[in-house]
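# What the coordinates show
Now for the letters of each chain:
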Amino acid sequence: MNSVTLAIVGSGGAGVVSLGELVLKAAANVGYYGLMRKSFGPQIRGGESAAIIRLSTHPVENFSGDIQCVVALDWNNFSRFGDEIPIKSGTFVIQDLMAGSTPEGLESENITTLDFSGTAESVGSSKANMAAFGLIGALLKCDANVLERLIRARLAKFDETIQAVSVAAMEAGQSLFDDANSFPDLLPKLEQSNSQGRWIATGNQLAGLGALEAGVKFVAAYPITPASDCLEWIANNIETVDGHLVQAED
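Below, the structure is looked at part by part. (Residues numbered from 1 in each chain as written. Predicted model: local features only at pLDDT ≥ 70, side-chain atom pairs only at ≥ 80, totals over all residues. Heavy atoms only, no water.)

## Describing the packing of aromatic side chains
- Throughout the structure, instances matching the rule amount to one aromatic pair.
- With a centroid separation of 5.1 Å and 80 degrees between ring planes, the pair formed by Trp75 and Phe78 is classed as edge-to-face. A single burial state applies to Trp75 and to Phe78, both of which are buried.
- The lysine or arginine in question, Arg37, covers the ring of Phe63, its NZ or CZ lying 4.6 Å from the ring centre. (Phe/Tyr/Trp six-rings, centres within 6.5 Å; stacked < 30°, edge-to-face > 60°. Buried < 20%, exposed > 50% of the residue type's maximum accessible area, 1.4 Å probe, protein only. Lys NZ or Arg CZ within 6 Å of the ring centre and 35° of its normal.)

Shown next, in the form of structure tokens:
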């Protein structure tokens, strides 16, 4: 096996997408290539969300159909991802102790329950996703100092207290890996690798790069999800090619 697909699921506001982005960066730091797809429910808060990540020892251009591992911060509205995140008998599932009732019809026989929420609370944090990051970072064999650096960069706009609590939750989450002996060897074996020069970018950012590479020198657009970060990237770079961006009224 030279690739693995991991799905992280939970309610909107649980930090699923943030966790997915951190995992992708941690994986890059240890030499993996990867892609991530984000899925959101229609609600602004309280809806379902998921991050689906494929990691490989070689560059990847698409997602495989199978999910080898699911990390569930909670199971609320998971049924809406039934087609996108199929859980089969061979899927390894890691669920938070407070995740709620396991979805009806869940076929996986490989379910491990860990107390992400309680572990985070033990260090004064409400962020179960940071405890989960510590566990997944341990699975990736990513150095704790790298994980801390990624968290602090992610939370750079917040004060030191908030950053320190999140780091503490991550470190506490790493201990869950040490305490559990049932983790299968999920990840493909990395050969000697150097992650220097790797790109970590969103599809929107790369679409902006493609536009400038194609010769676009004038952009007029209105920023709105999901296109906002494409325009933000272009705004910071279009003037380097003597171009201009105008934010339209609508």
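## As for the pattern of salt bridges
- Tallied over the entire structure, the rule returns seven salt bridges.
- When the shortest N-O distance is used, the salt bridge between Glu21 and Lys38 registers 2.9 Å. Of this pair, Glu21 sits in helix H1 (residues 16–29) while Lys38 sits in strand E2 (residues 33–40), and the two are 17 residues apart along the sequence.
- Given the relative accessible area of 19%, Glu21 is considered buried.
- Judged by its relative accessible area of 35%, Lys38 is partly exposed.
- Note that Lys88 is salt-bridged to Asp66, the shortest N-O span being 3.1 Å. Taken as a pair, Lys88 in the loop between strand E4 (69–72) and strand E5 (92–96) and Asp66 in the loop between strand E3 (48–56) and E4 lie far apart in primary sequence, 22 residues in all.
- Taking the relative accessible area as the measure of exposure, Asp66 reaches 40% and is therefore partly exposed.
- Bridged by salt links that share partners, the residues Glu21, Lys38 and Arg154 form one connected network. (Salt bridge = Lys/Arg side-chain N within 4 Å of Asp/Glu carboxyl O. Helix = DSSP H or I, 4+ residues; strand = E, 2+ residues; numbered from the N terminus.)

## Re the layout of surface pockets
- Estimates place the volume of the second largest pocket at around 390 Å³.
- Together, 22 residues line the second largest pocket, and Leu139, Leu140, Lys141, Asp185 and Leu187 are the ones closest to its centre.
- Of all the elements in the fold, those that place two or more residues in the lining of the second largest pocket are strand E1 (3–11), E4 and helix H3 (128–139).
- By residue class, the composition of the lining of the second largest pocket is 19 nonpolar, no polar and three charged. (1 Å grid on protein atoms, 1.4 Å probe; cavity = no way out; pocket = protein on both sides within 12 Å on 5 of 7 lines; lining within 4 Å. Points joined across faces, edges and corners; volume = space filled by probe spheres on them. Nonpolar A, V, L, I, M, F, W, Y, C, P; charged D, E, K, R; others polar.)

Scope: geometric values only; no functional claims are made or implied.
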